[in-house]
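# Structural characterization, general
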Amino acid sequence: MNASPSQGPEFEIHPSAAAVPAAQRAEMLVAPGFGSVFTDHMATIRWTQDVGWHDARIEPYGPITLDPAAAVFHYGQEIFEGLKAYTQADGSVAVFRPDANAARFNRSASRLAMPELPVTLFVRAIEMLVARDRAWVPTTEGHSLYLRPFMIATQTGLGVNKPSASYLFTLIASPVAGYFGAARPVTVWLSEDFSRAAQGGTGEAKCGGNYAAAFAGQQQAIDHGCDQVVWLDAAERQWVEEMGGMNLFFVYGSGAEARLVTPAATGSLLQGITRDSLLKLGPDLGIPAAEDRVSVDEWQRGCASGEITEVFSCGTAAVITPVGAVRGARAEWMVGNGEPGPVTSRLRTELVGIQNGTAPDRYGWMYTLG
Ligand code: PLP
Ligand code: COI
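Residues numbered from 1 in each chain as written. Chains lettered and ligands numbered in written order. Predicted model: local features only at pLDDT ≥ 70, side-chain atom pairs only at ≥ 80, totals over all residues. Heavy atoms only, no water.

### Focus: a nonpolar patch on the surface
A cluster of nonpolar side chains, Tyr75, Leu158 and Val160, forms an exposed patch at the surface whose accessible area comes to about 320 Å². By secondary structure assignment, the location of Leu158 is in the loop between strand E7 (144-153) and strand E8 (166-176). (Patch = residues over 30% accessible without salt bridge, like charges linked within 9 Å, V, L, I, M, F, W, Y side chains within 5 Å. Areas by Shrake-Rupley, 256 points an atom, 1.4 Å probe, with all protein chains shown as cover. Salt bridge = Lys/Arg side-chain N within 4 Å of Asp/Glu carboxyl O. Helix = DSSP H or I, 4+ residues; strand = E, 2+ residues; numbered from the N terminus.)

### A look at the domain arrangement of the protein
Interface size is commonly expressed as the accessible area that is lost once the parts come together. Per the domain assignment, the segments of the protein are domain 1 (12-176) and domain 2 (186-356). The distance between the C-alpha centroids of domain 1 and domain 2 comes to 27 Å. Taken together, the 21 residues of domain 1 in the interface contact 22 residues of domain 2. Of the roughly 1,800 Å² buried between domain 1 and domain 2, counting both surfaces, carbon and sulfur atoms make up 55%. For domain 1, the biggest contributors to the area lost against domain 2 are Phe80, Phe96 and Arg104; these three give 32% of the whole. One can count 1 salt bridge joining domain 1 with domain 2. (Domains from an automatic or database assignment. Contact = heavy atoms within 4.5 Å. Buried area = accessible area lost by both parts, 1.4 Å probe.)

### Some words on the pattern of salt bridges
By the definition in use, this model includes 12 salt bridges. Taking the shortest distance from any N to any O, the salt bridge between Arg46 and Asp55 comes out at 4.0 Å. By relative accessible area, Arg46 is classed as partly exposed at 35%. Take Asp55: its relative accessible area is 28%, and that puts it in the partly exposed class. Where Glu192 meets Arg330, a salt bridge forms, and the shortest distance between an N and an O atom there is 2.5 Å. Here the residue Glu192 occupies a position in the loop between strand E9 (186-190) and helix H5 (208-212), and Arg330 occupies one in the loop between strand E16 (319-327) and strand E17 (332-334), the gap between them amounting to 138 residues. Sharing partners across several salt bridges, the network here consists of Glu10, Arg124 and Glu127. (Buried < 20%, exposed > 50% of the residue type's maximum accessible area, 1.4 Å probe, protein only.)

### Thoughts on the site of ligand 1
Neighbouring residues of ligand 1: 17 residues in total, closest Tyr211, Glu242, Ile273, Thr274 and Thr316. One nitrogen or oxygen atom from the side chain of Arg104 is found 2.8 Å from an oxygen atom belonging to ligand 1. Ile273 has a polar backbone atom sitting 2.8 Å from an oxygen atom of ligand 1. In isolation ligand 1 offers 380 Å² of accessible surface; the protein chains occlude 96% of this area. Of all the secondary structure elements, the ones that give two or more residues to the shell around ligand 1 are strand E11 (240-243), helix H7 (273-284) and strand E15 (308-315). (Near = heavy atom within 4 Å. Polar contact = N/O pair within 3.5 Å; in protein donor to acceptor, adjacent residues only side chain to side chain.)

### Examining the packing of helix H3 (residues 98-111) against helix H4 (residues 119-132)
Contact geometry of H3 with H4 gives a least axis separation of 9 Å together with a crossing angle of 125 degrees. Between H3 and H4, the interaxial angle falls into the category oblique. Seen from above, H3 lies across H4 with right-handed handedness. Taken together, the residues of H4 that come into contact with H3 (itself represented by Pro98, Asp99, Asn101, Ala102, Phe105 and Asn106) are Val119, Phe122, Val123 and Ile126. Taken together, the residues of the contact of H3 with H4 sort by class into 7 nonpolar, 2 polar and 1 charged. (Axes fitted to C-alpha atoms, helices over the stretch in contact; angles between N-to-C directions. Parallel < 35°, antiparallel > 145°, perpendicular 65-115°, else oblique. Left-handed = near helix turned anticlockwise from the far one by under 90°. Nonpolar A, V, L, I, M, F, W, Y, C, P; charged D, E, K, R; others polar.)

### Overview of the site of ligand 2
Contacts to ligand 2 come from Phe34, Phe80, Gly82, Tyr146, Arg148, Tyr179, Lys206, Tyr211, Gly245, Thr316 and Ala317. Residue Tyr146 places a side-chain N or O atom 2.6 Å away from an oxygen atom belonging to ligand 2. In this structure, Lys206 approaches ligand 2 through a side-chain N or O atom, which is 2.7 Å from an oxygen atom. Expressed as a share of its isolated accessible area of 280 Å², the protein-covered part of ligand 2 is 88%. Along the lines of polarity and charge, the residues of the shell around ligand 2 split into 6 nonpolar, 3 polar and 2 charged. Two domains each donate at least three residues to the shell around ligand 2, and these are domain 1 (12-176) and domain 2 (186-356).

See below:
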């Protein structure tokens, strides 16, 4: 994809006077964890009804000052994205499918009655920030620069008659390692007390409110010794939707007979960009992939009979992480022998190869930053 720098406001650059010294940055990059270390700068762009998008800046990373009556604090009008920049085998830096994240950001904006941001401006913000903070892009294998664009409603006032008339777009960047720490199969908790999303709701949008509503379920997962919550459909509480921060794939059969199934996009689950990529990558590797309904019962019975051989989660943060065991209020079972399976490992190697530039990018997914 190409981004034309000529669309939208040009970025004014306000360099940080307190950038982290190189030696300290090197220490911070050794074991960055996930989302706890941030680069020296951030990108911001403002929107008002009269002017549209304006005042684009690269400025020092730091607190955002808002009126306590700003709409975001009261009504949660906020959306975000997550994508990653990777150091390539040739030393350049490339971002995975930023146009797809920009498109999803705009679908989320539309659902939350917020203004859309031109795709070119979304990508330009990434280019400008990563160029300025290039030294923060990890070079360690398995590490990357996680990019977190978000938009908040800034209008002051407590009325809810209409959406905010002003917004702030911000992009921050965080060098990260694996989301789950050491790469290992995760244990998941079936949430039967709470629902994440329902038809006509905001499940398909990437808005903060979805995650706020999910923490009670995630806390139950932790209380039961699990890593992540699995959400079921809100109406019948039996169809598997997705996990707290990633989508799910089921592997049926093995060897030449292996095939992938991921829960169909029902309108209430987030259509992950990793999910979409695997729906293309799987068949190209000779592993058919389909979107279908999978019930909790089928999951349990399929694991018991051996029909379901592997299950994995996928997402920007989680990449591809095997699911080793499932727990719920009424049942508990293992997936295969609880270890990463061959299909999961193969897909992970292929995807990570494309992202790192060690495998051919047949799909034009990598956007090299100038
Ligand atoms: N589902 C949820 C709830 C998520 O937060 C994420 C993460 O972004 C995903 C799925 C996976 O989406 P993607 O592959 O675009 O990162
Ligand atoms: C991502 O993978 O980008 C996510 O948003 C997942 C989570 C950290 C919220």
